[in-house]
Amino acid sequence: MESILPILIIAFKIIGVIVCRSKAEELNRSKGGWGFFGFMSPILAMIWIQFMKPVTN
C-alpha cells in the first residue's frame, strides 16, 4: 500500500495539470501558469478555475 501512494499522488497531480490547462485555454488564461498551479496544488487549482470567468479583450 505504501509503495502505490506516491504513484497515486503523481497521477492526481498530472490530472490536475491537464484539467487546469484545458479549462484555462477555454477561459483565455495562461495555460502555463495554471498548469503549474494545478501541479503544485491540484485540488485548490481545479476548484478555483471552475469558478473563474473568461478574459475578454
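Preceding this paragraph is the structure being described.
Just so we're clear, the structure is a prediction, and the values are computed from it rather than from any experiment.

Caption draft 1: Fine view of the side chain of lysine 13. With respect to the helices, strands and loops of the structure, lysine 13 is situated in helix α1 (residues 5-26). Polar side-chain contacts of lysine 13 include one of 3.4 Å to the backbone oxygen of phenylalanine 39. Among residues more than four places away in sequence, those in contact with lysine 13 are Gly38, Phe39, Met40 and Pro42.

Caption draft 2: Here's a closer look at helix α3 (residues 42-50). For α3, the full list of buried residues reads Pro42, Ala45, Met46 and Ile49. Down the axis, α3 shows its buried residues gathered within 95 degrees of arc, on one side only. Among the structural elements, α1 and α2 (31-40) are those in contact with the buried residues of α3.

Caption draft 3: Up close: the pattern of salt bridges. Scanning the entire structure with this criterion turns up 1 salt bridge. Its salt-bridge partner being lysine 23, residue glutamate 26 comes within 3.9 Å of it at the nearest N-O pair. Of this pair, glutamate 26 and lysine 23 are both found in helix α1, 3 residues apart, which corresponds to roughly one turn of the helix.

Caption draft 4: Seen up close, the nonpolar core. Counting 7 residues, the largest nonpolar core is built from Cys20, Ala24, Leu27, Trp34, Ala45, Met46 and Ile49. Ranked by residue count, the leading element in this core is α3, at 3 residues.

Caption draft 5: Expanded view of the packing of aromatic side chains. Counted under the stated rule, the structure contains 3 aromatic pairs. Each ring, one from tryptophan 34 and one from phenylalanine 37, has its centre 5.5 Å from the other, and the planes form 55 degrees; the classification is tilted. Taken together, the residues tryptophan 34 and phenylalanine 37, both in helix α2 and 3 residues apart, mark about one turn of the helix. Owing to a relative accessible area of 12%, tryptophan 34 belongs among the buried residues under this scheme. Each ring, one from tryptophan 34 and one from tryptophan 48, has its centre 6.4 Å from the other, and the planes form 80 degrees; the classification is edge-to-face. Of this pair, tryptophan 34 sits in helix α2 while tryptophan 48 sits in helix α3; the two residues are 14 residues apart in sequence, bridging distant segments of the chain. An aromatic cluster of three or more residues is present, and its members are Trp34, Phe37 and Trp48. The positively charged end of lysine 13 is found above the aromatic ring belonging to phenylalanine 39, 5.1 Å away from the centroid.

Definitions and cut-offs
- Residues numbered from 1 in each chain as written.
- Predicted model: local features only at pLDDT ≥ 70, side-chain atom pairs only at ≥ 80, totals over all residues.
- Heavy atoms only, no water.
- Helix = DSSP H or I, 4+ residues; strand = E, 2+ residues; numbered from the N terminus.
- Polar contact = N/O pair within 3.5 Å; in protein donor to acceptor, adjacent residues only side chain to side chain.
- Contact = heavy atoms within 4.5 Å.
- Buried < 20%, exposed > 50% of the residue type's maximum accessible area, 1.4 Å probe, protein only.
- Arc of directions from axis to C-beta.
- Salt bridge = Lys/Arg side-chain N within 4 Å of Asp/Glu carboxyl O.
- Core = buried A, V, L, I, M, F, W, Y, C linked by side-chain atoms within 4.5 Å.
- Phe/Tyr/Trp six-rings, centres within 6.5 Å; stacked < 30°, edge-to-face > 60°.
- Lys NZ or Arg CZ within 6 Å of the ring centre and 35° of its normal.

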